[in-house]
Every structure is written in structure tokens, then in C-alpha cells.
Amino acid sequence: MAVFPWHSRGRNYKAEFASCRLEAVPLEFGDYHPLKPITVTESKTKKVSRKGSTSSTSSSSSSSMVDPLSSVLDGTDPLSMFAATADPAAPDSSRKRRDRDENSIVGSDFEPWASKRGEILARYTTTEKLSINLFMGSEKGKATATSAMSEKVRTRLEELDDFEEGSQKELLNLTQQDYVNRIEELNQSLKDAWASDQKVKALKIVIQCSKLLSDTSVIQFYPSKFVLITDILDTFGKLVYERIFSMCVDNRSVLPDHFSPENVNDTAKETCLNWFFKIASIRELIPRFYVEASILKCNKFLSKTGISECLPRLTCMIRGIGDPLVSVYARAYLCRVGMEVAPHLKESLNKNFFDFLLTFKQIHGDTVQNQLVVQGVELPSYLPLYSPAMDWIFQCISYHAPEALLTEMMERCKKLGNNALLLNSVMSAFRAEFIATRSMDFIGMIKECDESGFPKDYVNCAEVWVEYTCKHFTKREVNTVLADVIKHMTPDRAFEDSYPQLQSIIKKVIAHFHDFSVLFSVEKFLPFLDMFQKESVRVDVCKCIMEVFIKHQQEPTKDPVILNALLHVCKTMHDSVNALTLEDEKRMLAYLINGFIKMVSFGRDFEQQLSFYVEARSMFCNLEPVLVQLIHSVNRLAMETRKVMKGNHSRKTAAFVRACVAYCFITIPSLVGIFTRLNLYLHSGQVALANQCLSQADAFFKAAISLIPEVPKTINIDGKMRPSESFLLEFLCNFFSTLLIVPDHPEHGVLFLVRELLNVIQDYTWEDNSDDKIRIYTCVLHLLSAMSQETYLYHIDKVDSNDSLYGGDTKFLAENNKLCETVMAQILEHLKTLAKDEALKRQSSLGLSFFNSILAHGDLRNNRLNQLSVNLWHLAQRHGCADTRTMVKTLEYIKKRSKHPDMGHLTELALRLPLQTRT
């Protein structure tokens, strides 16, 4: 193809804008308006009767206004029909009916187990290594589809025997997190096995997990282990119950809310019995107890008295558990399931409690003492392990209990020597009014109680007392409490053993002090923070403070007390970042610090604001999102200055905005993300241009151009490597839009930045089989066409663009046209290279795209350019790869444009553009 000259067509932007506007249509008052409410007129041709309703026809303000949906449906709204067929007295759903127990008397005043589990997991932790037994599965003894029922039962029992006889693998030296992950894997394996109808495997997993509750080798972790394992048991119990319940449902009926065993079919009963028989065959006591307790609710399918008969038996089973810690948690689990399925059976729960009191002295027996010596655990660390289980048992027993029972329980505690552990659980579980009316009795018991191994814990008391102080007193009293905690916890670094309680104190304080000027004026608040010496805990506390600040700080602040304190808090978070910090954690820290930066405002004192940003840059240099936020903030500061001065900078404000520009220019190179740098160079250059800092703007744009060759072929987007060309294309299009209004530098010649950018684009190594380079050249052609106009499409106030500098100078236009011809030659050369079978579709698409560019920006009165457009039209259709619909619409557009004034030459062009059919 020969080289064609370029001739840009003249543009009258005002006239084009006017022609593109929507036609104004006068609207008479009362006429239809799209936002006017629609009155739905019910059709009388079809009616749907509904109980308790009468048929009526609503009147409309206009007889011609009909709801289009109603007219299509002829009045039969499918949702209304569905509602009409439904029984209004029917219950909400079968699942809700299932979940409501007919005997449930537990109200919202009963604190559920779910609210306690999180605190237990957070408080009872360990750094020691743990072990776990994993079920390895078995391939022998699998029943075939043709086996008799007796053979199936025998096979399943053999599989259970195989499981108990060693089909397990012990994993040693697990960290606490590894252990939790393994338990979660077992929970998921249980669900997967159940979903794939491997019921025996599911049972094996539950048995295996239950066995873990007999292991107290790392005794400090036992309460958390109990929480994790019983979650699996709860899942299993729910799956079994749902399975049996589903067998009671046929195509026409479901079990009623208050179903009785007579409503259950024989198949469901047989399946239920089968589950209980399987569990009865478990040889070891602890897994047999836990697995049966988990499906206690299933007794409802068998008999009305099934649960009331099982509870006492399960209570007696616990007597066979020798370890008092394991025993008390088994009792806690029985109370859990008992309160869920039969809270009215208080006698069984009371028996469970009194059994516990009879065996309470075992805690101080020789067996326990020897175990603690082996593990190197002191009694003050051991006894609090009982608290979660005992608190729960006492809560269940005391719930809606008569006064006489509570008095009896209190007397029994006295007989046991006012044991501190027991007394602590009694006071946490009994009703507040019961405790209040006997406050002097309890004080006397506390005074006389045996503290050995369970001393009156100061920090736990302070944890509760500080909340009361925050609610009902002023900052002076809160400061006194914090000072007292510091006084007690600093000697011998006692705070190192009480980080969870100290964290709880901080959270309660900041939850009640949303005015941070008041919070940080509490003298002992920051010294209290200094007690958190462990970095991970210290960072967590700082994150809590910042989250509350971001949530509750409504107005920007410049309070020096707040700024100094939060800078210290944010610096603590920032300094925790190292090479091992996860990206998610970095993002969270950056989000919190950015939230603080956005809330700092010195009003019209712009210099003080810039000084703050300078200080913040030095403090938070390791978090790239924070540096990006600072650059945006400084750019916004420069634009605020421009707004205040209404674009007429004084010597002082001109120097200030140049300082802002310099801040951005020296900060951007420290960023890692290459597209982050490119976009910030462009954005900052635009801000410099808006503030008449022309040389600084040139520096930003040159920096961006010099950075383009460094763009890699792939970039990391949310952890995935993706090609970068589409992002580069998007950036360059934005860059071209800015270059239209950038005036040429007097010392660098005509269109210096455009030429530099074209050289970089030419030398950049593009992907094979990519057309992005040509798309970019097409955008450059659009830019050069816009630059050749007498008046540009847009300007920046008080900045003279090239249309003002050159004023349509012929030399400038000649240079512009030469660049256009060079760009066109590149585009046409690329189209030539696509004349291959596998690239013909791309050639057709690019050819039509280039045709449209010439149509939009070129002067087609020039014969050679006109001929080029005809050639491109034929090229797009040559091999039958063109989009016919697009070609038709394009031709229709040309014919329509030819009717406009000064566009008559397009009539002849349209005649030379045939539409070829595919053959």
C-alpha cells in the first residue's frame, strides 16, 4: 500500500454538541409523564379468588393508563396466583417448624452457647505441640448393591471394628493453628461423607473426634478442644435428625409441629433405631456417650418418653469417667443438648449437677496432682480450666429455677468449704436479683473461701469493674481504675500473663469513649497501652483503637492531643510490617492508617496541612497504599489552594503549590507498582498544569514517558498474573487526552512530548499476535487531528494551549500532518502483515476501525484520503470476515451524514461503498 497524506477535517464543536442534543418536546400539564404514578386497573376477564378478600376494580385518573405488565398478563399476576393458592394459616416453613421444639421454654434471657464459644477459644490457648489421630479409611468389607440386609449390617459392624482396631494415623508436633485446621478438615470430611451417602464413614469420623476428648496431654488447651470437637458433634446430630425427619415426609404431607411417634412411619423408626444400635456398639465410654448425646433429639421419633429415659442413663454414664476435667465437660455437653431438646426435664439436669458436686473433691486428688506435675502446670493455671463448663452447668440449672433450689445449691457450696472456683461459677450463673438480695451472705462466703489454687483474681475483677466505671462515671474515675491496673500489673511483668483481660479492658474503654479528645486526655490511657509489650497483641490493640476512631469520628480534626496519640498508634501498626507480613494484613493496616489521614484537617492552614503530610510520609514509608493516599491528599491540597485563590495565584500560593508538586514528584518513584506510578505521574501532572506550574507538569509527563519501557508483559492483579497491554492501552488513552492541552516547551520544538511518546511506543516490545500497538496509533491519530483544530475541544483556565500559541500556523500544521502520515504508515503496514488465513478476521476488524477513524477525523474531500477509505472498506469485506450488521449501520450513518450542510461529498463516497454478500 502506498503512503497516503493526512488531512484533518475542520470541527465546529459547538455545532456538533448542539446536533447531538436530545430534541426538546413540549409537555402539556396533565399529560403522561414517565415518573407519574401508574394506577393498575384490574382486568375483569379473569379473577383469582382469595380467602378473606373481595373483588373490586380500581379506578384510574386516566382511562388510557394501563399497567403494561397487567395488560400482558390479562390481570393474572403469577405472584398473586401463588399467594391465592397458599393457605394463609399455614406455618412459615417446614424447616422452621422442625427447629421449634414443642416443649421449648428457653427464652431470649438465656445466654446461648454460641455467645460463649468465641471467648473460650480466645482465652484457652497454648504454645505447646499437639497431636491428633486421623481416620485413614478402609477398603475391606464394603457391601455390594446385591448384598442382603444382614450382610450389610455385618459389614458395617466390621468397618467399625476395623476403625477401632487401628485404622488411624497419629499426627504429632502440631501447632495450635495446625490442630484447628485439622479439626476443620475433619468437620468438612464429615459433611462430604454424609453428602456422598457414606454414613459409616461419617460415624467413624465422629467417633474419632469424640475420642480426642479423653486426651488431656496439653491440659491448658482442653476447653478450646471441647468447643471445636462439640461443633462437629452438633453437625453430626443435626445431619442425623434431618435425615430421619426427611424419611417421615411423603409427597403430600409433612410432620406437624407437635408430632408424636405415632406420626412417624416404620422406615424412619427403623433407621433411627439402627443409629442407636450402631452407637451402642462403640466400645469406649467417652465416644459412646458423646455420640449418643449428640443425637439425643432423635428419641422423639421412637417414643414420647425416650428423652426423659435417656438423660438419667447418660448422666450415670458420666460417673465412669475418671478424669474430673473430662467429666465436667461431659456434663456440660449433656446440659447443652438437654436444654436444647428438653429444657423442661430439669430433674435430670439437677441430678447431673449434684453428681458433679459429689465428685468435686476429685479435683484435689493425687491423680490430678500427679498429672499436673508431669505437665508442669500449676494449680492456679489448672483450676480456671473448669470455669467454662461449670459456668454453663450452673446457668442451665439456675435458669427459671425456684428460690428453694438456688438456696439449696448455695448451702451445698458452703458445705464444700466455700471453694473459690465453685463460688465464682455460682455468682456468674445465678440470677442477679438472687445475688443482690443475698449480697452480704456472698461477701461473707468470699471472705472465708478457700483461695488455694484459685485466688481472687485482680485483673478479672478490674475487667468487669472498668465497664461499670465507663458507663456511670467520668474520665477521672476511669483514669483512677487504669492507674490501679497499671500499679498491680507492672511488678514482675505480671501483665504478660493477662493480655486477654487487658485487651478486654481497652475494648471496653474505647467502646464508651467515642470523643477521642476526651479519651486521650485520660492521663493513664497511653501508659496503659505501654503494658502491651508483645508486638502481635500491641498491634491488635492499636487496630481496635483505629477501627473505633474511623467508625465514630464524624468531623475532621486538628486536635494536637488526638493527632499525637493516633500518630503513635499508627506508627506502632506500621512498624510491625516486615518481609513476612501477609498482603491482607498490609491492606488492613493501610486502610486504618489512611482512615486516620483522611480525618486530619487544619482548615485554611494549608502549610500546616502539608507539614503533616511530610511527617506522615516519613513515618509510614513501608506501606505503599498509605504513600498513594498521601500523594492524592497533597494533590487535593494544591487544588484546594487553587480554588481559594480562584486560579489567580499570588507569589506565596504559587510557591506553596510548587512545594506540593515537588512533594509528589519525589514520592512517586518510591512506589513499587508500575501502573500506580504511571497514573500518579499523569494525575500529578494534571494538577501541576491546573496550577500553571508548566515546567513541573512537563517533568511529570516526561517521567511517565520514560517509565513506559519498564512496563512488564504481565502484572500481578489480586494474586493472579495477567497481561499488562490492556492496562497500558487504557493509560495511554488517558495520557493522550491530557497532551491535547499541554503547551509546547519553547526550547524543545513542536509537539515534543508527542514525539517522545511515539518513539517509546515504537520501541516497546509488544505481544505477538497483538493489535494493541495499532489501536494506540489510531488514538494518536485522533489526538493529532484534535490538535490541528483552530480551537481545541477543552482547555485549562489560564493555560495557553497550542491553539493559542500557534494560532493555526502553517508550519505547526505541516509538522502535525507529517506525524499523522508517519502514524498512518505504521497502521497500514500492520494491516499488510495480517494478510494470512489465521489473521484475516483481525485484519477485517482493524480495517473497519481505521475506516471509522478516517470518517470521524479526516477530510474526505481529499481524493487520496477518500480513496484510502474506499480501499479500507473493501479490505474489511474482502475475505468474508466482516460483521455485516456493523457494515450496514455504518453505511446508513454515512448516508445520513451526507444530508448535512458541508457534507455533500459523502454522497459520492456512499456510492463507492458496496455491501458484499458472503458466498
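Here the residue numbers are simple positions, counted from 1 along each chain's written sequence. Reporting of local features is limited, given that this is a predicted model, to residues whose pLDDT is at least 70; pairs of side-chain atoms are given and counted only at 80 or more, and all residues count toward the totals for whole chains, interfaces and linings. To get the side-chain values, take all heavy atoms of the structure and skip hydrogens and water.

1. Examining the nonpolar core
Let me state the cut-off plainly: In this text, buried Ala, Val, Leu, Ile, Met, Phe, Trp, Tyr and Cys residues form a nonpolar core when linked through side-chain atoms within 4.5 Å. Working definition: with a 1.4 Å probe on protein chains only, accessible area under 20% of the residue-type maximum means buried, over 50% means exposed, and in between means partly exposed. We call two residues contacting when some pair of their heavy atoms lies within 4.5 Å.
Within the largest apolar cluster, 164 residues are counted, with the highest numbers of intra-cluster contacts made by Leu502, Phe525, Phe528, Phe596 and Phe850. With sequence-adjacent residues up to four places away left out, phenylalanine 850 is seen in contact with Leu781, Met824, Ile827, Leu828, Leu831, Leu868 and Leu872. In this structure, Val218, Tyr222, Ile232 and Ile279 belong to the second largest nonpolar core, which totals 120 residues.

2. Brief notes about the packing of aromatic side chains
Stated formally: Stacked, tilted and edge-to-face are the three classes assigned to paired rings of Phe, Tyr and Trp, where Trp is represented by its six-membered ring and a pair needs centres within 6.5 Å; plane angles under 30 degrees give stacked, over 60 edge-to-face, the rest tilted. Under the scheme used here, helices are H or I runs from DSSP no shorter than 4 residues and strands are E runs no shorter than 2 residues, and both carry numbers assigned from the N terminus. Only Lys NZ and Arg CZ are tested; either one counts as a charge over a ring when it is within 6 Å of the ring centre and within 35 degrees of the ring normal.
Following the criterion strictly, the structure yields 37 aromatic pairs and no others. Seen in terms of ring centroids, tyrosine 499 and phenylalanine 532 are 6.0 Å apart; in terms of plane orientation they differ by 20°. Their pairing is stacked. Separated by 33 residues along the polypeptide, tyrosine 499 in helix H24 (residues 499-512) and phenylalanine 532 in the loop between helix H26 (525-529) and helix H27 (535-552) bring together distant segments of the chain. Overall, tyrosine 499 belongs to the buried group, its relative accessible area being 8%. By relative accessible area, which is 0% here, phenylalanine 532 ends up buried. Aromatic rings pair up to connect Phe516, Phe520, Phe525, Phe549, Phe596, Phe602, Phe612 and Tyr613 into one cluster. For lysine 297, the ring lying beneath its charged end belongs to tyrosine 241, and the centroid distance is 4.4 Å. Seen from the ring of tyrosine 764, lysine 713 lies directly overhead, with NZ or CZ sitting 4.6 Å from the centre.

3. Re the confidence of the model for the protein chain
The line we're drawing: The score called pLDDT rates the predictor's confidence residue by residue, from a low of 0 to a high of 100.
Confidence in the prediction for the protein chain averages 83 pLDDT; 84% of positions are at 70 or higher. Confidence drops under pLDDT 50 across residues 78-104; counting only partners more than four residues distant or on other chains, this segment forms 28 contacts. Ignoring residues within four places in sequence, the model shows residues 136-149, a span with pLDDT below 50, making 16 contacts including any to other chains.

4. Some thoughts on the pairing of strand S4 (residues 720-723)
How we decide: In this scheme, strands are said to pair when DSSP sees at least two bridges between them.
With four bridges connecting them, strand S3 (residues 714-717) and S4 associate as antiparallel partners. What sits directly across from threonine 714, in S4, is proline 723. Turn length for the S3-S4 hairpin, with the two strands adjacent in sequence and antiparallel, is two residues, and the turn residue aspartate 718 shows positive phi of about 55°.

5. Describing the side chain of glutamate 292
Along the chain, the position of glutamate 292 falls in helix H11 (residues 285-294). Assessed through its relative accessible area of 8%, glutamate 292 is described here as buried. The residues contacting glutamate 292, other than those within four sequence positions of it, are Phe276, Ile279, Cys310, Arg313 and Leu314.

6. Some details on the pattern of salt bridges
This is how the line gets drawn: Each reported salt bridge corresponds to a side-chain nitrogen of Lys or Arg within 4 Å of a carboxyl oxygen of Asp or Glu.
Throughout the structure, instances matching the rule amount to 24 salt bridges. Across the salt bridge formed by glutamate 111 and lysine 116, the nearest N and O atoms sit 3.3 Å from each other. A salt bridge links arginine 336 to aspartate 234; the shortest N-O distance between them is 2.2 Å. Residue arginine 336 is found in helix H13 (residues 324-341), and its partner aspartate 234 is found in helix H9 (residues 222-247); the two are separated by 102 residues along the sequence. Overall, aspartate 234 belongs to the partly exposed group, its relative accessible area being 28%. Each member of the salt-bridge network shares a partner with another, and the members are Glu467, Lys471 and Lys508.

7. Focus: unusual backbone geometry
A positive phi is found at arginine 493, a non-glycine position, where the angle reads about 50°. Its location among the elements puts arginine 493 in the loop between helix H23 (475-489) and H24. Since its relative accessible area comes to 39%, arginine 493 is described here as partly exposed. Its identity is not glycine, yet leucine 751 carries a phi of approximately 50°, on the positive side. Along the chain, leucine 751 falls in the loop between helix H35 (725-739) and helix H36 (752-763). Overall, the relative accessible area of 1% leaves leucine 751 in the buried class.

8. Structural notes on the packing of helix H37 (residues 772-787) against helix H40 (residues 840-857)
Using the following cut-off: Axis geometry follows a simple rule: fit a line to the C-alpha atoms, using only the stretch in contact for helices, then measure angles between N-to-C directions, giving values from 0 to 180 degrees. Angle categories are assigned with fixed cut-offs, so that under 35 degrees is roughly parallel, over 145 is roughly antiparallel, 65 to 115 is roughly perpendicular, and the rest are oblique. When residues are sorted by character, Ala, Val, Leu, Ile, Met, Phe, Trp, Tyr, Cys and Pro go into the nonpolar class, Asp, Glu, Lys and Arg into the charged class, and all the rest, Gly among them, into the polar class.
Put simply, H37 and H40 touch, their axes get as near as 11 Å, and they point 5° apart. With respect to their mutual orientation, H37 and H40 come out roughly parallel. Of the residues in H40, those in contact with Thr778, Leu781, His782 and Ser785 of H37 are Phe850, Ser853 and His857. Across the contact of H37 with H40, the residue classes tally to two nonpolar, five polar and no charged.

9. Brief notes about helix H10 (residues 266-280)
Think of an α-helix as 3.6 residues a turn; residues three or four steps apart then line up on the same face. Selection rule: Expected span of a helix: the number of residues minus one, times 1.5 Å. Throughout, the arc means that of the directions going from the helix axis to the C-beta atoms.
Counted at 1.5 Å a residue, the expected span for H10 with its 15 residues is 21 Å, and the 21 Å between its end C-alpha atoms agrees. For H10, the complete set of buried residues consists of Ala268, Thr271, Cys272, Trp275, Phe276, Lys278 and Ile279. Projected down its long axis, H10 shows its buried positions confined to an angular sector of 160°, all on one face. Seen from the buried face of H10, the exposed residues on the opposite side, beyond 90 degrees, are Asp266, Glu270, Phe277 and Ala280.

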